There are 2 protein chains.
Amino acid sequence: MLNISMLVKWVPVETSMQDTYEMPGHLARRFQQIAVAVFLAEVEQAGYDLTPVQYAALAAISGNSGIDQVTLAGLIAYDRTTITGVVDRLVQKGLVERHESSRDRRARELKVTPAGRETLSGITPAVEAAQRTMLRGLTQKEAKELARLLQKAIASGNELSRAPLRNTTTS
Amino acid sequence: MLNISMLVKWVPVETSMQDTYEMPGHLARRFQQIAVAVFLAEVEQAGYDLTPVQYAALAAISGNSGIDQVTLAGLIAYDRTTITGVVDRLVQKGLVERHESSRDRRARELKVTPAGRETLSGITPAVEAAQRTMLRGLTQKEAKELARLLQKAIASGNELSRAPLRNTTTS
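Residues numbered from 1 in each chain as written. Chains lettered and ligands numbered in written order. Predicted model: local features only at pLDDT ≥ 70, side-chain atom pairs only at ≥ 80, totals over all residues. Heavy atoms only, no water.

K.L.:
Looking at this structure, I do not really get the overall build of chain A. What am I missing?
P.N.:
Per the secondary structure count, chain A includes 8 helices and 2 strands. In chain A, buried positions account for 50% of the 171 residues. Considering only contacts within chain A whose residues lie at least 6 apart along the sequence, 54% involve residues at least 24 apart. Carbon and sulfur atoms make up 53% of the accessible area of chain A, which amounts to about 8700 Å² in all. (Helix = DSSP H or I, 4+ residues; strand = E, 2+ residues; numbered from the N terminus. Buried < 20%, exposed > 50% of the residue type's maximum accessible area, 1.4 Å probe, protein only. Contact = heavy atoms within 4.5 Å. Areas by Shrake-Rupley, 256 points an atom, 1.4 Å probe, with all protein chains shown as cover.)

K.L.:
When you look at the interface of chain A and chain B in this model, what are you seeing that I'm missing?
P.N.:
Interfaces are often sized by the accessible area lost when the parts come together. With 72 residues of chain A in contact, the opposing surface of chain B contributes 73 residues. Interface area, chain A with chain B, both sides summed: about 6800 Å², of which 66% is carbon and sulfur. In this structure, the connection of chain A to chain B is made through 4 salt bridges. We note a salt bridge from R148 of chain A to E142 of chain B, for which the minimum N-O separation is 3.1 Å. Scanning the region where chain A abuts chain B turns up 20 residue pairs in polar contact (both at pLDDT 80 or more). Every element with two or more residues in the side of chain A that touches chain B is listed here: α1 (4-8), α2 (17-22), α3 (24-45), α4 (52-63), α7 (114-134) and α8 (140-157) of chain A. (Buried area = accessible area lost by both parts, 1.4 Å probe. Salt bridge = Lys/Arg side-chain N within 4 Å of Asp/Glu carboxyl O. Polar contact = N/O pair within 3.5 Å; in protein donor to acceptor, adjacent residues only side chain to side chain.)

K.L.:
In this structure, what is going on with empty space enclosed by the protein? I would like to understand it.
P.N.:
Tallied over the full model, the rule gives 1 cavity of 30 Å³ or more. Estimates place the volume of the largest cavity at around 30 Å³. Around the largest cavity sit F31, L135, A143, L146, A147 and L150 of chain A together with P24 and L27 of chain B, which together line it. Listed by contribution, the elements that provide at least two residues to the lining of the largest cavity are α8 of chain A together with α3 (24-45) of chain B. Sort the elements by how many residues they give to the lining of the largest cavity and α8 of chain A lands first, with 4 residues. (1 Å grid on protein atoms, 1.4 Å probe; cavity = no way out; pocket = protein on both sides within 12 Å on 5 of 7 lines; lining within 4 Å. Points joined across faces, edges and corners; volume = space filled by probe spheres on them.)

K.L.:
It is not clear to me how the pattern of salt bridges should be interpreted in this structure. Could you clarify?
P.N.:
Two side chains that carry opposite charge are able to pair once their charged atoms sit near each other. A full pass over the atoms with the stated rule returns 10 salt bridges over all chains. Note that R98 of chain A is salt-bridged to D88 of chain A, the shortest N-O span being 2.9 Å. A residue pair is termed long-range when its members are at least 10 positions apart, and R98 of chain A in strand β1 (residues 96-100) and D88 of chain A in helix α6 (residues 80-92) qualify at 10 residues. Between D49 of chain B and K93 of chain B there is a salt bridge, with the nearest N and O atoms lying 3.7 Å from each other. Taken together, the positions of D49 of chain B in the loop between α3 and α4 (52-63) and K93 of chain B in the loop between α6 (80-92) and β1 (96-100) put the pair 44 residues apart, joining distant regions of the chain.

K.L.:
Any chance you could explain the packing of α4 of chain A against α6 of chain A here in plain terms?
P.N.:
Packed helices, taken two at a time, are described by their axes: the angle between them and the distance between them. Residue and element names in this part refer to chain A. Contact pair α4 / α6: the axes reach a minimum separation of 10 Å and the direction vectors enclose 80°. On the basis of their axis angle, the class for α4 and α6 is roughly perpendicular. Along its contact with α4, which presents V53, Q54, A57, L58 and I61, the element α6 presents V86, R89 and L90. Split into classes, the residues belonging to the contact of α4 with α6 amount to 6 nonpolar, 1 polar and 1 charged. (Axes fitted to C-alpha atoms, helices over the stretch in contact; angles between N-to-C directions. Parallel < 35°, antiparallel > 145°, perpendicular 65-115°, else oblique. Nonpolar A, V, L, I, M, F, W, Y, C, P; charged D, E, K, R; others polar.)

K.L.:
It is not clear to me how the relation of the copies chain A and chain B should be interpreted in this structure. Could you clarify?
P.N.:
One copy of the chain maps onto the other through a rotation about an axis followed by a shift along the same axis. For the pair chain A and chain B, the relating rotation is 180°, the translation along its axis is 0.0 Å, and the fit reaches an RMSD of 0.0 Å. Taken together, the rotation and translation describe the operation of a two-fold axis. Mapped onto chain B, 100% of the interface residues of chain A again fall at the interface, so both copies present the same surface. (Least-squares fit on C-alpha atoms with pLDDT ≥ 70 in both.)

K.L.:
Sorry, what's going on with the layout of surface pockets here?
P.N.:
Looking at the largest pocket, its volume works out to about 1200 Å³. Counting residues per element, the ones that place at least two in the lining of the largest pocket are α3, α4 and α7 of chain A together with α3 and α4 of chain B. Here the residues of the lining of the largest pocket sort into 25 nonpolar, 16 polar and 6 charged.

Structure (structure tokens):
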């Protein structure tokens, strides 16, 4: 009797590297890699030491003073189990403080320190430069269209991700 | 004398969460998160246990039998220092084998095993379904345009990333 697995191994795999390179999943990873590298380079050049996620968390806490970690995780679409590490590093850097909540003694309210506020103001030009650099190959019209299409795809895929964005607090 | 840092801390930070959400860098991270989650879900549902990067590596080794790890890292735009872990897991799963190179005894050639070839063939429908799912919010025309714009942005940003894609081998 023919064993199908013996046949399968001789079937050439149709997926060429070119096919892989054109897959949305591959493009998503490459664009994200470039975005992170560009962000880190611009921010470092400006004299700051902050990752994209740390920046997103700092900006979110600044705009929503007193929020707790779970809400923060939702706001920046970050995993609840790993958000603690992000906040820890912001606290170590003196940019964020954890305060005991007035409503719930077990909860911790997050607040940006004066140094954190200074960092946010000072880092903004570098963050904006990074956004331009990561799209430097596109015309302005193309960059706008890319943002629109990504937003549309993300809106429809939000619940599919493990850490959906929950834009529930005022901002 | 006025201390500028004392002033800066009272300046409201102009970057709202809405601004952050519209930043290409944020969109890149969200789209990548969704792409990974969708890939893992589709592949698991099809009975396979493979991450997007493991899949990319397996496909690349299959199309370039005998390549070494450094070339593989370039082919899939993956960091040289972390590619070893990816290959290790493919070897542990019995999908890839390391062979001593005929030209260089210190180098190891990578080859897909029969089980790896079977996995690649079997997993393809799930991988393709994942690509469709991650773009389910877009029309076909929009999906095509998104891929084109991402490819254009990536091509121009390739050298900016820490692990540039090096498409040097035949495929």
